[in-house]
Amino acid sequence: MRQIARRADVGPATLYRRFPTKRDLVLKAFENELAECSSIVHDGAADPDPWRGFCDVIERILLLNARNQGFTDAFMSAHPDVVDFEAHREELGRVVSTVIGRAQAAGRLRPDFGFDDFAVLLLAGRGLTAAPAATRDAAVRRFAAFMIDGLRVADTEPGTRGGGAAGDGGSRPISR
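So, a few notes on the structure that sits alongside this text. (Residues numbered from 1 in each chain as written. Predicted model: local features only at pLDDT ≥ 70, side-chain atom pairs only at ≥ 80, totals over all residues. Heavy atoms only, no water.)

1. Description of the packing of helix α7 (residues 115-125) against helix α8 (residues 133-151)
Two elements in contact, α7 and α8, have axes whose closest approach is 11 Å; the angle formed by their N-to-C orientations is 155°. Relative to α8, α7 is oriented roughly antiparallel. Once α7 is placed against α8, the crossing between them reads as right-handed. Residues Leu121, Ala124 and Gly125 of α7 pack against Phe143, Met147 and Leu151 of α8. Grouping the constituent residues of the contact of α7 with α8 by class yields five nonpolar, one polar and no charged. (Axes fitted to C-alpha atoms, helices over the stretch in contact; angles between N-to-C directions. Helix = DSSP H or I, 4+ residues; strand = E, 2+ residues; numbered from the N terminus. Parallel < 35°, antiparallel > 145°, perpendicular 65-115°, else oblique. Left-handed = near helix turned anticlockwise from the far one by under 90°. Contact = heavy atoms within 4.5 Å. Nonpolar A, V, L, I, M, F, W, Y, C, P; charged D, E, K, R; others polar.)

Below, the structure written as structure tokens:
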């Protein structure tokens, strides 16, 4: 707690007044992450363009997960009773399923993609936490672009897939 107070440039007494225990401090940090996750998913669901909403959810959740460096895992193992994580996951799972369904109904997302696939994609992205901090966000965005491109319904024009020109080598940003 003293080290945290130093990094936050406040005195230990100030930190202890706001967070009497380490558990209280961790809970507050976790609540902020839950709120950010919820905001990302609800923003995607509210986007008038279903495909853009889906793409934003993928990229922003992957970025959030890569930046937290295992915080969620550590918190859940140390304080599994503090937050009803199951209820949070179920509620956001319903919203993510809506985002997926909207993108599929718009004809942009492959029809065989489901919520379980979304979970696998997020698990695969967790490996990016090991990337150097200076390049992590770029690596996450590139990974997200590859995943999104692979999930996009193929264009009907010969020689194209997912809106890109044939032979472009994947060096272009994914258009949303």
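Picking up where we left off.
2. Regarding the pattern of salt bridges
Pairs can form between side chains of opposite charge once their charged atoms are near each other. Evaluation of the coordinates by the stated rule reveals six salt bridges. Among the salt bridges present, the one from Arg60 reaches Asp43, with a minimum N-O distance of 3.3 Å. Of this pair, Arg60 sits in helix α4 (residues 50-68) while Asp43 sits in helix α3 (residues 22-46), and the two are 17 residues apart along the sequence. Since its relative accessible area comes to 32%, Arg60 is described here as partly exposed. A relative accessible area of 39% places Asp43 in the partly exposed class. Here Asp47 and Arg52 are joined by a salt bridge, their closest N and O atoms 2.7 Å apart. What makes Asp47 buried here is its relative accessible area of 11%. For Arg52, a relative accessible area of 34% corresponds to the partly exposed category. (Salt bridge = Lys/Arg side-chain N within 4 Å of Asp/Glu carboxyl O. Buried < 20%, exposed > 50% of the residue type's maximum accessible area, 1.4 Å probe, protein only.)

Take it as geometry only, folks, not as evidence of what the structure does.
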